[in-house]
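Architecture and fold: a report
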Amino acid sequence: MDILLVGFGAMNKRVAAIAEENGHKISGVITPEKTIDAPYPIFSNFDNALPAVDVVIDFSHPTLTTQLLNSTISAPLVIATTGDKDTLVNLMQKKAKTQPVFFSANMSYGVHILTEIIKYATPLLQDFDIEMIEKHHNQKVDAPSGTLVKLYDAIVQNSRQDAQPVYDRHEKSEKRDSREIGISSIRGGTIVGEHEVLYTGHDEVISIKHTAQSKDIFASGALTVAAQLLNKPNGYYTYNNLGE
């Protein structure tokens, strides 16, 4: 595949390395950052004369992703940007009318399976309180993570429509309401990513957790999706319908 990267942070650097190890070509990087040191053609914006590519992979930020979705780029898009989800999904669904567009807040297939497990487990545990914890490295900007938001949505949509997210318990002194879902974000060191959902009942606790041990699982996941997307008709894809 000939690949165009949007953003060149830690994730797309791994995408580039793994892509080249597997015989793919990085045809360019789009980034407004002027100090980027990359062995590929650098384009500062989407108005440049961009190379023709097979697919675009975007691990960037909402501002740059919004520009991508409003651009004239017609290649299939693999988007893993987190933050401003509702706005971006709306733009992606519009863009998907003219080309294949895949989105996941987490490119790990294991996290997709975690989400499916949570969809199944939550309706069975109606009398259990739910707490959610996510941990990431000290350079991550957004909180809670896009993956935790994805997991929270799976819980709410399946059986907890009246859920009340609580992000900071120290702001009030009162007993926990059964509708609450506690959300905690931890930032420190070089933690790649950990997401845990606790179902806490009377004298018992069920923990469902996914731990990422390397960024490579996300980069490899994006490349696997990109290869699948090449043969797909125009449309909006997630892990839920990519295999259909």
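Coordinates for the structure precede this section.
Now for a quick tour of the structure. (Residues numbered from 1 in each chain as written. Predicted model: local features only at pLDDT ≥ 70, side-chain atom pairs only at ≥ 80, totals over all residues. Heavy atoms only, no water.)

1. Description of the pattern of salt bridges
Opposite charge on two side chains permits pairing when their charged atoms draw close. On inspection of all chains with the given rule, the structure shows eleven salt bridges. A salt bridge links glutamate 116 to lysine 119, with the nearest nitrogen and oxygen atoms 3.3 Å apart. Of this pair, glutamate 116 and lysine 119 are both found in helix 4 (residues 109-121), three residues apart, which corresponds to roughly one turn of the helix. Judged by relative accessible area, glutamate 116 falls into the partly exposed class, the value being 33%. (Salt bridge = Lys/Arg side-chain N within 4 Å of Asp/Glu carboxyl O. Helix = DSSP H or I, 4+ residues; strand = E, 2+ residues; numbered from the N terminus. Buried < 20%, exposed > 50% of the residue type's maximum accessible area, 1.4 Å probe, protein only.)

2. Some details on the nonpolar core
By size, the foremost hydrophobic cluster in this structure holds 32 residues, and its most contacted members are Ile3, Leu5, Ile57, Val78, Phe102 and Met107. Of all the elements in the fold, those that place two or more residues in this core are strand 1 (2-6), helix 1 (10-21), strand 2 (25-30), strand 4 (55-58) and helix 6 (216-229). For this core, the element with the most residues is helix 6, which contributes seven residues. Core analysis: the next-biggest nonpolar cluster, separate from the first, contains 22 residues, Val53, Val56, Leu77 and Leu91 among them. (Core = buried A, V, L, I, M, F, W, Y, C linked by side-chain atoms within 4.5 Å.)

3. A few points about helix 3 (residues 85-95)
Taken as a whole, helix 3 has its buried residues at Leu88, Val89, Leu91, Met92 and Lys95. Angular distribution of buried residues about the axis of helix 3 spans 165°; they occupy a single face of the element. Here the buried face of helix 3 lies against helix 2 (62-69), strand 5 (77-79), strand 6 (100-103) and strand 12 (235-237). (Arc of directions from axis to C-beta. Contact = heavy atoms within 4.5 Å.)

By themselves, these figures tell us nothing about what the structure is for.
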